[in-house]
Amino acid sequence: MEYDFKAIEKKWQAKWAAEGTFKAKEDASKPKYYVLDMFPYPSGAGLHVGHPLGYIASDIFSRYKRLKGFNVLHPMGYDAFGLPAEQYAIQTGQHPEKTTTDNIARYRQQMDRIGFSYDWDREVRTCDPKYYHWTQWAFLKMFGSWYDTDMQKARPIEELAAIFEKCGNASVKAACTDGDSFTAEQWKAFSEKEKSDALMRYRIAYQGETSVNWCEGLGTVLANDEVKDGLSVRGGYPVEQKKMTQWQLRVSAYAGRLLSSLDTLEWTDSLKEMQKNWIGKSEGTEVVFNVESGEKTVPVTIFTTRVDTIFGVTFMVLAPESDLVAELTTPEQKEAVEEYIKQVKKKTERERIAETKSVTGVFSGAYGINPLTGEKIPVWISEYVLAGYGTGAIMAVPAHDSRDYAFARKFDLPIIPIIEGCDVSEQSFDAKEGKMCNSGFLNGLDVKVAIETAKDYVEEKGLGRRKTNYRLRDAIFSRQRYWGEPFPIYYKDGIPTPLPESELPLELPEIESFKPAANGEPPLARAKDWTYNGYPLEKSTMPGFAGSSAYYLRYMDPHNGEALVDKDVNAYWRNVDLYIGGTEHATGHLIYSRFWNKFLFDLGYVCEDEPFRKLINQGMIQGRSNFVYRVVGTNTFVSLGLKDQYETTEIHVDVNIVYNDKLDLEAFKAWRPEFADAEFILENGEYVCGYAIEKMSKSMYNVVNPDLICDTYGADTLRLYEMFLGPIEQSKPWDTKGIDGVNRFLKKFWRLFYDRDQWIVSDEKATAEELKVLHKLIGKEQSDIESFSYNTTISAFMIALNDLTALKCTKKEILEPMVVLLSPFAPHITEELWEALGHTESVTYATFPEYIESYTVENTCTYAVSFNGKTRFTVDLPKDMSKEDVEAKVRAMEQTAKYTEGLNIVKVIVVPGKIVNIVVK
RNA sequence: GCCUUGGUGGUGGAAUGGUAGACACGAGGGACUUAAAAUCCCUUGGCCCGAAAGGCUGUACGGGUUCGAGUCCCGUCCGAGGCACCA
């Protein structure tokens, strides 16, 4: 019987589905392990060979953990709301639900072929009302909460209202939007609308005016992480800054916690670093400058991390969008300022980025007074100061800040150095080093000391206070789209009012066209009777990250109609132990999810503070494109090695008709009608193609479909090959050459069991040498899998196979454990062999083989060399090293011992598996 | 500019500070076969000598630490990813 992967894979996939082999159930008698993939957005193109990389890795780990006795939760679902389906709908009229369902069916089909061990009963789709019920529910909870910065947690909004009732808002320490303070009496006298507005400033999900990324091309606002280089990530349309009233999530309230608890996570340093940068903590000082504009004096608060440089301040700058601009501009400067503001507004985000180096600005006419020196300094307006960060106003120290320096040079403002010996004739001196000068009481201090001294001074004199700022902004939460979760909010006499929880889910209404409505309103304005109790419902929908922020919780209890997740169920599964996905979500999904989880944690709905304990970023699979070279003006194609002798054009050729860079000539002729009569100039009888590493995309003809690999080599080969390609974290091109290697391995493995039709496994007792091969493999697999080094594990299998073949070993005692060891990687072939070995239950329920103690000892060599009880060297020797080799090794170290310590080795005591003790004199 | 990574044969890639290049691909040679496929065996970093054994050199570059460095430290060059007027 030959290895017939087609029949085997079909048989076992059907069996797994029929028997529910991978169903997960809460089971207190077993430790749990939760392995999660980032669920895919089901796009129309289907899966290519790059998508399953992470899924295969996580599947191997899940299967491995099951063998190790864990109760594994390994679910899959779909991030099904999103722009592409809606844009497709606008173009074709096809309902996004239809497109999405079709795409999901296709994805499922493709995934099923690869033999994943998902518990499909737990599948979630973010666009399913039963699912988005809980997305809407979470939003209501956020709407109904505020963030107490003293307690550092979210609290119900009713408690805040009670505080207002008693003592107004002056003493409340909360994360909130700026606004007026009011007393208890004023609060009581507020109208309904005024009360609503006041509370809105504190809610965690709130409505507020803010500068947003408006994308005209998509007709919607976008979050910061949905914009890159001034263009929308989806679609690549230009994005501009615009002030609009939008729903927002007060993510910034959690900035401190999001930053500090990063330390508790097993994530890569680079990913943590990205999140740190995105959160952008900076500790500085707010200082109040009185600004004189004509007759009036206005206090202006600025933020700086370098108060120590306050004696070097020569001007101040306001952001163009700052409210202070209108207030401070003098009548003489009014025209110039307005013209400047107009210019700034006209620019798109992209243009602003492109012009980063050009310096613009205008004088406001006002003068600020340096609170330490009493000196009068001009107040300018420039776009290099951002309204959204700090206070939107800065003190400028051109001698020690490069941006201020450029500005001062352009507008000819004074530059006063305040650090001894620094040269500011060409550029500013930004480093925090040196001794202070020209700085009154700070003179002579080291810069680092001066920073603290100045902070203390400012606080003591009541000129300002220490302040920590974060770059992390609140997330814009509404989108002017159709294909998303509707907000469970209606407007009662203009007051945003939450829908009762009993009304959830608020289902997306049917509409005839998905285009924005006539007056620029979102598509939901087209819905008939989009009201609640006669009041209008909110017309925007939630963004893509809404549905993906808590999906890992829903998998725990996907059919619960009463709660997002049952408390006991949550207490069992807790959080995700291993999360595998791409790095592109570093500043989006992974921040929002952590925020969302922390919020639910505060309210006691979940038991863990962090959602994803360990995270692995799988690399991208890049395309490997092939080229043919057409001789200009002919239909003749010249092979790579000879192309320099001709004038040629390079043409992408479908990689599926190229094998090991050799072109299949007949397939090429059949590929395109215009190539039907192509002629070739060959080298050594073959046509060699050129290649390049590019993104995998249709237009480069370098897309490899996993189905095709499953057809020709089988799913087990695909799985092994994707893992054999290299470390999971690394990006690498897909290159089908080499796949034969792992395919050969499987065929050879099969032949350990079958010689043609003959079952050749014997019950003979294994020899020590044979056991050694097995135990070497067990050790290697155990340590490598835990560190996700799958490529070396597979190598270890190949070595073991070669060894066993050389030993002509076909003994059950060896082969049976090997089947178990291989099963996470190649589940289908191993199931078949497991059955042939006489087992009736799936190999999934097998137990990971253990070392036999005697072999463990004999094969483990972790040596340290110690002199007089003090460890001097550690030497690790291969586990399979023979005793003679070990002794030779130790003899070599004798030289070392003599040289470094002047000692002579008297006796070497080698205790396998223990520390080597060397007796010296 | 800042942060994070990485640089090893023809290729993908192995090497807790301890025999660099495991394993695989490709390539070359051979066996089986009328032939091909499949399968199996041998060689395969470079250079030198040789019948064999062997020797020298070699992990981007330049220094350093160490008995010993692909690995640790400093500097330089190049690649990848992220952030970018964040005061």
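Caption draft 1: Quick peek at the overall build of chain A. Across its full length, chain A holds 29 helices and 37 strands. When its C-alpha atoms are laid out on the principal axes, chain A stretches across 105 × 85 × 75 Å. Within chain A, buried positions represent 52% of all 921 residues. Across chain A, contacts joining residues at least 24 apart in sequence account for 71% of those joining residues at least 6 apart. Accessible area of chain A: about 41,500 Å², with a carbon and sulfur share of 49%. Where the 109 positive side-chain charges of chain A centre and where its 135 negative ones centre are 2 Å apart.

Caption draft 2: Quick peek at the packing of helix H26 (residues 812-822) against helix H27 (residues 827-836). The contact between H26 and H27 brings their axes to 9 Å, and the two run at 150°. It follows from the interaxial angle that H26 and H27 lie roughly antiparallel. Read as a crossing pair, H26 and H27 show a hand that is left-handed. Residues Glu816, Val819, Val820 and Leu822 of H26 form the contact with H27, whose own contacting residues are Thr830, Leu833 and Trp834.

Caption draft 3: Highlighting the packing of aromatic side chains. Tallied over the entire structure, the rule returns 71 aromatic pairs. Pairing Phe363 with Tyr367 gives two aromatic rings, centres 5.6 Å apart and planes at 65°, and the pair type is edge-to-face. With centroids separated by 5.1 Å and ring planes inclined at 50°, the aromatic side chains of Tyr482 and Phe514 adopt a geometry described as tilted. You can see Tyr482 sitting in the loop between strand S17 (475-476) and strand S18 (489-492) and its partner Phe514 sitting in the loop between strand S19 (495-498) and strand S20 (531-532), a full 32 residues away along the chain. Positioned over the ring face of Trp120 is Arg108, at 3.9 Å from the centre of the ring. The lysine or arginine in question, Arg203, covers the ring of Phe143, its NZ or CZ lying 3.9 Å from the ring centre.

Caption draft 4: Focus on a positive patch on the surface. Among the surface-exposed residues, Arg744, Lys747, Lys748 and Arg751 lie close enough to one another that they form a single positively charged patch. Residue placement: Arg751 occurs in helix H23 (residues 739-751). On the basis of relative accessible area, Arg751 is assigned to the partly exposed category, the value being 45%.

Caption draft 5: Structural detail: the confidence of the model for chain A. Here chain A averages 87 in pLDDT, while 91% of its residues score no lower than 70. In the model, residues 853-882 has pLDDT below 50 throughout and makes 62 contacts with residues more than four positions away in sequence or in other chains. Counting contacts from residues 898-921, a segment whose pLDDT is below 50, to residues more than four positions away or on other chains yields 52 contacts. Across the interface, the model reports ipTM at 0.94; the global pTM reads 0.89.

Caption draft 6: Broad picture of the environment of Val35. As for its placement among the helices and strands, Val35 is situated in strand S1 (residues 32-37). Separated by 579 residues in the primary sequence, Val35 and Lys614 have C-alpha atoms spaced 9.7 Å apart. Those residues in contact with Val35 that lie beyond four places of it in its chain are Ser58, Phe61, Ser62, Val72, Leu73, His74, Pro75 and Leu578.

Caption draft 7: Geometry of helix H3 (residues 83-92). All of the buried residues along H3 are Leu83, Ala85, Glu86 and Ala89. End-on view of H3: buried residues confined to an arc of 165°, all on one side of the axis. Summarising the contacts, the buried residues of H3 are in contact with helix H4 (96-114). Positive backbone phi, at 80°, marks Gly93, one or two positions downstream of H3.

Caption draft 8: Fine view of the sheet that holds strand S9 (residues 240-249). The strand order across the open sheet built from four strands is S6-S5-S9-S17, with neighbouring strands paired in antiparallel fashion. Either end of the sheet is taken by a strand with one partner, and the two such strands are strand S6 (220-222) and S17. Sheet analysis places strand S5 (residues 205-215) next to S6, joined by three bridges and oriented antiparallel. Pairing of Asn213 across the sheet is with Leu222, part of S6.

Caption draft 9: The packing of helix H1 (residues 5-19) against H27, seen in detail. Running from N to C, H1 and H27 point in directions that differ by 85°, and their axes come no closer than 9 Å. Taken together, the axes of H1 and H27 are roughly perpendicular relative to one another. Contact residues: Ile8, Glu9, Lys11, Trp12, Gln13, Lys15 and Trp16 in H1; Pro827, His828, Ile829, Glu831, Glu832 and Glu835 in H27. Broken down by class, the residue content of the contact of H1 with H27 amounts to five nonpolar, two polar and six charged.

Caption draft 10: Fine view of the nonpolar core. Among the nonpolar cores identified, the biggest contains 178 residues, and Met111, Phe139, Leu249, Phe477, Phe753 and Tyr790 are the most heavily contacted of them. Leaving out residues up to four positions away in the same chain, Phe753 has contacts with Gln758, Trp759, Ile760, Val761, Leu815, Val819, Leu833 and Leu837. Core analysis: the second largest hydrophobic core is formed by 40 residues, Ile310, Val313, Ile341 and Val397 among them.

Caption draft 11: Geometry of the side chain of Glu286. Structurally, Glu286 can be placed in strand S10 (residues 281-293). A relative accessible area of 11% means that Glu286 is categorised as buried. Within the structure, Glu286 has its side chain in polar contact with the side chain of Lys467 (distance 3.5 Å). What Glu286 contacts, discounting residues up to four positions off in sequence, is Thr301, Ile302, Phe303, Thr391, Val458, Leu463, Gly464, Arg465 and Lys467.

Caption draft 12: Fine view of the pairing of strand S4 (residues 153-156). Bridge count between strand S3 (residues 145-148) and S4: four bridges; the pairing is antiparallel. Following the sheet pairing, Tyr147 is matched in S4 by Ala154.

Caption draft 13: Region of the structure containing the pattern of salt bridges. Tallied over the entire structure, the rule returns 45 salt bridges. The partner of Lys141 in a salt bridge is Glu501, and the shortest N-O contact between them spans 3.0 Å. You can see Lys141 sitting in helix H5 (residues 129-143) and its partner Glu501 sitting in the loop between S19 and S20, a full 360 residues away along the chain. Exposure remark for Glu501: the relative accessible area of 39% places this residue in the partly exposed category. Linking Arg613 and Glu266 is a salt bridge whose minimum nitrogen-to-oxygen distance equals 2.9 Å. Of this pair, Arg613 sits in strand S23 (residues 612-617) while Glu266 sits in the loop between helix H9 (255-260) and helix H10 (269-279), placing them 347 residues apart in sequence. What emerges from the salt-bridge pattern is a single network uniting Arg257, Arg594, Lys598, Asp602, Asp609 and Glu610.

Caption draft 14: Representation of the sheet that holds strand S2 (residues 71-73) in the model. Here four strands make up an open sheet; going across it, the order is S2-S1-S22-S23 and the pairing parallel. Lying at the two open borders of the sheet, with one neighbouring strand each, are S2 and S23. The average undirected angle you get between the axes of adjacent strands in this sheet is 20°.

Caption draft 15: The side chain of Asp602, seen in detail. Mapped onto the secondary structure, Asp602 falls in helix H19 (residues 589-602). Side-chain polar atoms of Asp602 contact the side chain of Tyr254, separated by 2.8 Å. Residue contacts for Asp602: discarding those within four places in its chain leaves Tyr147, Lys153, Ala154, Tyr254 and Arg257.

Rules behind the numbers
- Residues numbered from 1 in each chain as written.
- Chains lettered and ligands numbered in written order.
- Predicted model: local features only at pLDDT ≥ 70, side-chain atom pairs only at ≥ 80, totals over all residues.
- Heavy atoms only, no water.
- Helix = DSSP H or I, 4+ residues; strand = E, 2+ residues; numbered from the N terminus.
- Buried < 20%, exposed > 50% of the residue type's maximum accessible area, 1.4 Å probe, protein only.
- Contact = heavy atoms within 4.5 Å.
- Areas by Shrake-Rupley, 256 points an atom, 1.4 Å probe, with all protein chains shown as cover.
- Lys, Arg positive; Asp, Glu negative; His and termini not counted.
- Charge placed at Lys NZ, Arg CZ, Asp CG, Glu CD.
- Axes fitted to C-alpha atoms, helices over the stretch in contact; angles between N-to-C directions.
- Parallel < 35°, antiparallel > 145°, perpendicular 65-115°, else oblique.
- Left-handed = near helix turned anticlockwise from the far one by under 90°.
- Phe/Tyr/Trp six-rings, centres within 6.5 Å; stacked < 30°, edge-to-face > 60°.
- Lys NZ or Arg CZ within 6 Å of the ring centre and 35° of its normal.
- Patch = residues over 30% accessible without salt bridge, like charges linked within 9 Å, V, L, I, M, F, W, Y side chains within 5 Å.
- Salt bridge = Lys/Arg side-chain N within 4 Å of Asp/Glu carboxyl O.
- pLDDT = per-residue confidence, 0-100.
- Arc of directions from axis to C-beta.
- Pairing = 2+ DSSP bridges.
- Nonpolar A, V, L, I, M, F, W, Y, C, P; charged D, E, K, R; others polar.
- Core = buried A, V, L, I, M, F, W, Y, C linked by side-chain atoms within 4.5 Å.
- Polar contact = N/O pair within 3.5 Å; in protein donor to acceptor, adjacent residues only side chain to side chain.

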